[in-house]
Amino acid sequence: DEKRPVIYYSLTRSLDIMPGKITFRGLLRYSKLNEYERTVILIIDEIYVSKRIEYSGGEYIGLTSDGKVASTMVCFMVKSLAGSYKDLVGIYPISNLTASKLYSCYLEVLDIIEKVKFNLVAIVVDNATVNRKFFKDFLCEGDLKSTITNSKTGKPIFLLFDPVHNLKNIYNN
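Residues numbered from 1 in each chain as written. Predicted model: local features only at pLDDT ≥ 70, side-chain atom pairs only at ≥ 80, totals over all residues. Heavy atoms only, no water.

Visitor: What am I meant to see in unusual backbone geometry here?
Guide: Most peptide bonds adopt trans geometry, and most residues besides glycine take a negative phi value. With a phi angle near 65°, Lys-117 is a residue other than glycine that sits in the positive phi range. As for its position among the elements, Lys-117 is in the loop between helix H1 (99-115) and strand S8 (119-125). We note that Glu-141 has phi near 55°; this positive angle belongs to a residue other than glycine. (Helix = DSSP H or I, 4+ residues; strand = E, 2+ residues; numbered from the N terminus.)

Visitor: Can you help me understand the packing of aromatic side chains in this one?
Guide: Within a pair of aromatic rings, the relevant descriptors are the distance that separates the centres and the angle that separates the planes. Inspection of every chain in the model, using the stated rule, returns 8 aromatic pairs. Ring centres of Phe-135 and Phe-161 lie 5.3 Å apart, and the angle between their planes is 55°; on these two criteria the pair is classed as tilted. Here Phe-135 is found in helix H2 (residues 129-139), whereas its partner Phe-161 is found in strand S10 (residues 156-161), with 26 residues between them in sequence. For Phe-161, a relative accessible area of 25% translates into the label partly exposed. (Phe/Tyr/Trp six-rings, centres within 6.5 Å; stacked < 30°, edge-to-face > 60°. Buried < 20%, exposed > 50% of the residue type's maximum accessible area, 1.4 Å probe, protein only.)

Visitor: Honestly, the side chain of Thr-72 in this entry has me stumped. Any pointers?
Guide: Residue placement: Thr-72 occurs in strand S6 (residues 72-80). Setting aside residues up to four positions removed in sequence, Thr-72 forms contacts with Glu-46, Ile-47, Tyr-48, Val-49, Tyr-92, Pro-93, Ile-94 and Leu-97. (Contact = heavy atoms within 4.5 Å.)

Visitor: How do you make sense of a nonpolar patch on the surface when you look at a structure like this?
Guide: Together, Ile-53, Tyr-55 and Tyr-60 give the surface a local cluster of nonpolar side chains, amounting to about 370 Å² of exposed area. Among the secondary structure elements, Tyr-60 is positioned in strand S5 (residues 59-61). (Patch = residues over 30% accessible without salt bridge, like charges linked within 9 Å, V, L, I, M, F, W, Y side chains within 5 Å. Areas by Shrake-Rupley, 256 points an atom, 1.4 Å probe, with all protein chains shown as cover. Salt bridge = Lys/Arg side-chain N within 4 Å of Asp/Glu carboxyl O.)

Visitor: Is there a simple way to explain H1 in this structure?
Guide: Note on helix geometry: an α-helix contains 3.6 residues per turn, so any two residues three or four positions apart are oriented the same way. Compared with an ideal rise of 1.5 Å per residue, which puts 17 residues at 24 Å, H1 spans 24 Å between its outermost C-alpha atoms and is within 8% of the ideal. Buried within H1 are the following residues: Ala-99, Leu-102, Ser-104, Cys-105, Tyr-106, Glu-108, Val-109, Leu-110, Ile-112, Ile-113 and Glu-114. (Expected span 1.5 Å × (residues − 1).)

Visitor: Even after reading the chapter, I still don't get the environment of Thr-149, so can you show me in this structure?
Guide: Relative to the assigned elements, Thr-149 resides in strand S9 (residues 147-149). Since its relative accessible area comes to 57%, Thr-149 is described here as exposed. When the C-alpha positions of Thr-149 and Leu-139 are compared, they lie 9.2 Å apart, and in sequence the two are 10 residues distant. Here Thr-149 is in contact with Gly-154, Lys-155 and Pro-156, once residues within four sequence places are set aside.

Visitor: For this particular structure, what's the right way to read the packing of H1 against H2?
Guide: If you want to describe how two helices pack, look at the angle between their axes and the distance between the axes. Two elements in contact, H1 and H2, have axes whose closest approach is 9 Å; the angle formed by their N-to-C orientations is 70°. Comparing the axis directions of H1 and H2 gives the class roughly perpendicular. The chirality of how H1 crosses H2 is right-handed. Of the residues in H2, those in contact with Ala-99, Ser-100, Leu-102, Tyr-103 and Tyr-106 of H1 are Val-130, Asn-131, Lys-133, Phe-134, Phe-138 and Leu-139. Partitioning the contact of H1 with H2 into residue classes produces 8 nonpolar, 2 polar and 1 charged. (Axes fitted to C-alpha atoms, helices over the stretch in contact; angles between N-to-C directions. Parallel < 35°, antiparallel > 145°, perpendicular 65-115°, else oblique. Left-handed = near helix turned anticlockwise from the far one by under 90°. Nonpolar A, V, L, I, M, F, W, Y, C, P; charged D, E, K, R; others polar.)

Visitor: What's the story with the environment of Ala-82 in this structure? I'm lost.
Guide: Looking at the element boundaries, Ala-82 is found in the loop between S6 and strand S7 (86-94). Along the chain, Ala-82 and Val-40 lie 42 residues apart, while their C-alpha atoms are 8.2 Å from each other.

Visitor: In this structure, what is going on with the pairing of strand S3 (residues 39-48)? I would like to understand it.
Guide: Both faces of the sheet carry side chains from a regular strand, because those side chains alternate between them. As judged from the 5 bridges shared by S3 and S8, these two strands associate in the parallel manner. Within the sheet, the bridge partner assigned to Leu-42 lies in S8 and is Ile-123. Examined bridge by bridge, S3 and S6 share 9 bridges and lie antiparallel to one another. Bridge pairing in S6 places Ile-41 opposite Lys-79. (Pairing = 2+ DSSP bridges.)

Visitor: Sorry if this is basic, but what is going on with the environment of Ala-99 here?
Guide: Examined against the element boundaries, Ala-99 turns out to sit in helix H1. Ala-99 sits 35 residues away from Phe-134 along the chain, and the two C-alpha atoms are 4.6 Å apart.

This is how it looks when you write it as structure tokens:
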């Protein structure tokens, strides 16, 4: 399995560029959350960026692991259902976003969420084709459902399409 460069957000507002390595440095506040605040939704959104490479601090920023220039940054954020806690878990630079690549990134993020003992109750995406395919083919095993079972905890995870994005699509079309 290929290792992707991933940018992890830090509470100090700096970015760590860690090719294929998971770090918890960006989620230091989680230890101060109570049980209710640890119940979170995972928000996945893609940001289309201009294709360019920058050299900063001895690192090339904007390249994917296979040496291509990233055109998309896939962002994974957690938001507490019962509190104001929210944090960015990871940003993945990708040159051509597919449901398979999204699923691979999701598995890494899910591992982080479980290691820091968050209770994931929902995943929210916009209605883009890649996201629908990710839900249907990878999370629901071919038949789109409103919930899946977390394989590690046995608890349900609700699959939601962001209503704001849906209303924007209706308005624009």
